[in-house]
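Architecture and fold: a report
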Amino acid sequence: MTELRQNSILRSFLKILPIFLLYLAVFNEFDANYMNLKYLSFNFAYILIFFWTLKKIDYFGYGLIFIAGVINDVVTGMPLGLSSFCYMLLCAASSYLRSITIKPNLIKDWFFFLVTISTVNSIYFMILSLIFLIEIDYVFLLINNFFTFLLFFFFYFIFNFYFEKFMARSDV
């Protein structure tokens, strides 16, 4: 572990790894449709943004998240700035939760995440439907919310382990 603290290049890479994963997620627009599963989809960018802005915003800047949203809109062909708006709503919700929470609790964070992604996705799809007249598949919306909600629990443990192992100690 002392080698990790002394190696500034590796430590710098480990600090930017979450933001690298965010950009990889928005450039790739990953979902399970690559495996030919019709309705298995989740929003990995939402999980990343919510966890890292909740845990330690210093590693995720709001400007970088906004730019990731613009890139996501370009890749998916959606109206420019809509994903950025949704990402900023996620940031605001996680910032609110971080400010009112005295002792973090996974279950409360998890259910707050469900409310947050449901609200953000509803706003996103209402804007697409009402303003841009894009047809919405509501089954896809519900399944995407459900799998994003479930996978947050799984990724919470992975990201929390990563944070405590590599990032929390490097601040000292």
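Residues numbered from 1 in each chain as written. Predicted model: local features only at pLDDT ≥ 70, side-chain atom pairs only at ≥ 80, totals over all residues. Heavy atoms only, no water.

So, on to the overall build of the protein chain. A count of helices and strands for the protein chain gives 7 helices and 0 strands. Counting from the amino terminus, helix and strand elements in the protein chain follow one another as α-α-α-α-α-α-α. Long-range pairs, those at least 24 residues apart, make up 76% of the contacts in the protein chain between residues at least 6 apart in sequence. Of the roughly 9800 Å² that the protein chain leaves accessible, carbon and sulfur atoms contribute 69%. (Helix = DSSP H or I, 4+ residues; strand = E, 2+ residues; numbered from the N terminus. Contact = heavy atoms within 4.5 Å. Areas by Shrake-Rupley, 256 points an atom, 1.4 Å probe, with all protein chains shown as cover.)

Mapped onto the secondary structure, Asn 145 falls in helix α7 (residues 138–167). Taking relative accessible area as the criterion, Asn 145 reaches 8% and is therefore assigned buried. A polar contact is formed between the side chain of Asn 145 and the side chain of Ser 118, at a distance of 3.5 Å. Setting aside residues no more than four positions away along its own chain, Asn 145 makes contact with Ile 117, Ser 118 and Asn 121. (Buried < 20%, exposed > 50% of the residue type's maximum accessible area, 1.4 Å probe, protein only. Polar contact = N/O pair within 3.5 Å; in protein donor to acceptor, adjacent residues only side chain to side chain.)

Looking at the protein chain as a whole, the pLDDT averages 85, with 87% of positions reaching at least 70. The least confident element of the protein chain, judged by mean pLDDT, is helix α1 (residues 2–6) at 54; the most confident is helix α5 (residues 82–100) at 94. (pLDDT = per-residue confidence, 0-100.)

Our focus in this paragraph is a nonpolar patch on the surface. A cluster of nonpolar residues, Met 126, Leu 130, Ile 131, Phe 132 and Ile 134, forms a patch on the protein surface that exposes about 520 Å² of accessible area. As for its placement among the helices and strands, Ile 134 is situated in the loop between α6 (106–130) and α7. Under the relative-accessibility criterion, Ile 134 is labelled partly exposed at 31%. (Patch = residues over 30% accessible without salt bridge, like charges linked within 9 Å, V, L, I, M, F, W, Y side chains within 5 Å. Salt bridge = Lys/Arg side-chain N within 4 Å of Asp/Glu carboxyl O.)

The N-to-C vectors of helix α2 (residues 8–28) and helix α4 (residues 62–76) enclose an angle of 20°; their axes lie 8 Å apart at closest approach. On the basis of the axis angle, α2 is roughly parallel to α4. Crossing geometry of α2 relative to α4 is assigned as right-handed. Residues Ile 19, Leu 22, Tyr 23, Val 26 and Phe 27 of α2 pack against Leu 64, Ile 65, Ile 67, Ala 68, Ile 71, Asn 72 and Val 75 of α4. (Axes fitted to C-alpha atoms, helices over the stretch in contact; angles between N-to-C directions. Parallel < 35°, antiparallel > 145°, perpendicular 65-115°, else oblique. Left-handed = near helix turned anticlockwise from the far one by under 90°.)

What follows deals with helix α3 (residues 44–55). Over its 12 residues, α3 runs 16 Å from end to end, which matches the ideal 16 Å to within 8%, given 1.5 Å per residue. The element α3 is largely enclosed, with a buried count of 11 among its 12 residues. Restricting attention to buried positions, one finds in α3 the residues Phe 44, Ala 45, Tyr 46, Ile 47, Leu 48, Ile 49, Phe 50, Phe 51, Trp 52, Thr 53 and Leu 54. Summarising the contacts, the buried residues of α3 are in contact with α2, α4, α5, α6 and α7. The N-capping residue of α3, defined by a side-chain oxygen 3.4 Å from the backbone nitrogen of Ala 45, is Asn 43. (Expected span 1.5 Å × (residues − 1).)

Secondary-structure assignment places Asn 121 in helix α6. With sequence-adjacent residues up to four places away left out, Asn 121 is seen in contact with Tyr 46, Leu 141, Asn 144 and Asn 145.

Further remarks concern the nonpolar core. In summary, soluble globular proteins display a tendency toward joint burial of nonpolar side chains. Counting residues in each nonpolar core, the largest one holds 47 residues, and the members touching the most others are Leu 22, Val 26, Tyr 46, Ile 49, Trp 52, Phe 152 and Phe 159. When residues of this core are assigned to their parent elements, the largest contribution, 10 residues, is made by α3. (Core = buried A, V, L, I, M, F, W, Y, C linked by side-chain atoms within 4.5 Å.)

Phi at Leu 133 is positive, roughly 55°, even though this residue is not glycine. Positionally, Leu 133 belongs in the loop between α6 and α7. Owing to a relative accessible area of 71%, Leu 133 belongs among the exposed residues under this scheme.

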